[in-house]
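In case you want the letters, here they are:
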Amino acid sequence: LVVTLRRRRAHGEIQVLATDISPDALDLARENAVGHAVADYVRFVEADLMPPMVEPFDLVLANLPYVRSDAMAGLPVATSFEPSLALDGGRDGLAIIGRLLDRLPDGLAEDGAAFLEIGADQGAAIVDLVAATMPGWACTVQPDLAGLPRVARVSREGGSSSGGA
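Residues numbered from 1 in each chain as written. Predicted model: local features only at pLDDT ≥ 70, side-chain atom pairs only at ≥ 80, totals over all residues. Heavy atoms only, no water.

Q: Help me understand the overall build of the protein in this model?
A: Secondary structure summary: the protein contains 3 helices and 7 strands in total. Counting from the amino terminus, the protein carries its helices and strands in the arrangement β-β-α-β-β-α-β-α-β-β. In terms of C-alpha radius of gyration, the protein reaches 16 Å, essentially the compact-globule figure of 15 Å for 165 residues. For the protein, with 165 residues in total, the buried portion stands at 38%. For the protein, contacts bridging at least 24 residues in sequence account for 61% of all contacts bridging at least 6. A total accessible area of about 9400 Å² is found for the protein, and carbon and sulfur atoms account for 56% of it. Measuring between centres, the 13 positive side-chain charges of the protein sit 5 Å from its 23 negative side-chain charges. (Helix = DSSP H or I, 4+ residues; strand = E, 2+ residues; numbered from the N terminus. Rg over C-alpha atoms; globule rule 2.2 N^0.38 Å. Buried < 20%, exposed > 50% of the residue type's maximum accessible area, 1.4 Å probe, protein only. Contact = heavy atoms within 4.5 Å. Areas by Shrake-Rupley, 256 points an atom, 1.4 Å probe, with all protein chains shown as cover. Lys, Arg positive; Asp, Glu negative; His and termini not counted. Charge placed at Lys NZ, Arg CZ, Asp CG, Glu CD.)

So, in structure tokens, the structure goes:
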């Protein structure tokens, strides 16, 4: 699921767009939004990562598949309820994340930031991927509550954004 935010210029409002390639995932996201009383503020769109944009987004939040293909068989039983489409991130676990990174230069505002969930063993790999494929961009990795590296923050070097990570 990719959630994108755009600040509207009137009254500090924001536009929230949630996208997923899976209609079932979008249905579940809609149910969750209703349960949290925010469904009226979110537009749900079936799309592969980010839809075509007229205006770039200020913030991108993504929980994309990041499990290495060869690690899929060893996942805990609880993950067997998830479709492999939601978990399998390709050979290195960063294939789909890499596709999103390719779209960020056009899809992210100059002072925007993207926050991407990653595997706890992918911190160095995501930093290297951004350095190799996105000149002029920075990537830092933040730990989760257990202290494991789990969130990559990607933005243009020198860019500032809300989110403070």
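Q: Where do I start with the nonpolar core in this structure?
A: Across soluble globular proteins, nonpolar side chains have a tendency to be buried as a group. One finds Val 60, Ile 97, Leu 101, Leu 104 and Val 154 to be the most contacted residues of the largest nonpolar core, which totals 30 residues. Of all the elements in the fold, those that place two or more residues in this core are strand 4 (57–62), helix 2 (95–107), strand 5 (108–117), helix 3 (123–133), strand 6 (137–143) and strand 7 (149–156). Examining the composition of this core, we find that 5 residues originate from one element, helix 2, more than from any other. Not counting residues within four places of it along the chain, the set of residues in contact with Val 60 comprises Val 2, Val 3, Thr 4, Met 50, Leu 100, Leu 104, Leu 108, Ala 113, Ala 114 and Phe 115. Counting residues in hydrophobic clusters, the runner-up holds 11 residues, among them Ala 18, Leu 26, Val 42 and Phe 115. (Core = buried A, V, L, I, M, F, W, Y, C linked by side-chain atoms within 4.5 Å.)

Q: Which parts of the structure should I look at to understand the packing of helix 2 against helix 3?
A: For any two helices packed against each other, the geometry is given by the interaxial angle and the distance between the axes. Running from N to C, helix 2 and helix 3 cross one another at 35°; their axes reach a closest spacing of 11 Å. Crossing angle aside, the handedness with which helix 2 passes helix 3 is right-handed. The segment helix 2 lies against helix 3, with Ile 97, Gly 98 and Leu 101 engaging Ile 126, Leu 129 and Val 130. Residue classes in the contact of helix 2 with helix 3 are distributed as 5 nonpolar, 1 polar and no charged. (Axes fitted to C-alpha atoms, helices over the stretch in contact; angles between N-to-C directions. Left-handed = near helix turned anticlockwise from the far one by under 90°. Nonpolar A, V, L, I, M, F, W, Y, C, P; charged D, E, K, R; others polar.)

Q: Please explain the side chain of Gln 122 as it appears in this structure.
A: Summarising the element assignment, Gln 122 is placed in the loop between strand 5 and helix 3. Among the polar contacts made by the side chain of Gln 122, one reaches the main-chain amide nitrogen of Gly 119 at a distance of 2.6 Å. Ignoring any residue separated from it by four or fewer positions in sequence, one finds Gln 122 in contact with Tyr 66, Asp 92, Gly 93 and Leu 94. (Polar contact = N/O pair within 3.5 Å; in protein donor to acceptor, adjacent residues only side chain to side chain.)

Q: Honestly, the environment of Val 60 in this entry has me stumped. Any pointers?
A: The topology assignment puts Val 60 in strand 4. Along the chain, Val 60 and Leu 100 lie 40 residues apart, while their C-alpha atoms are 10.0 Å from each other.

Q: For this particular structure, what's the right way to read unusual backbone geometry?
A: Phi is positive for Ala 37, close to 60°, though the residue is something other than glycine. Take Ala 37: it is sitting in the loop between helix 1 (23–35) and strand 3 (42–46). Unlike most non-glycine residues, Leu 49 shows phi in positive territory, near 75°. Looking at the element boundaries, Leu 49 is found in the loop between strand 3 and strand 4.

Q: Any chance you could explain the sheet that holds strand 6 here in plain terms?
A: Reading across the sheet, the 7 strands line up as 3-2-1-4-5-7-6 and stay open at both edges, with mixed pairing between neighbours. This sheet does not close on itself; its edge strands, each paired only once, are strand 3 and strand 6. Each strand of the sheet is rotated relative to its neighbour by a mean of 20°, with strand direction disregarded. Note that strand 6 and strand 7 share 7 bridges and pair antiparallel. Bridge assignment links Ala 138 to a residue of strand 7, and that residue is Ser 155. Where helix 1 meets the sheet, its contacts fall on strand 2 (14–20) and strand 3, and the angle it forms with strand 3 comes to roughly 170°. (Pairing = 2+ DSSP bridges.)

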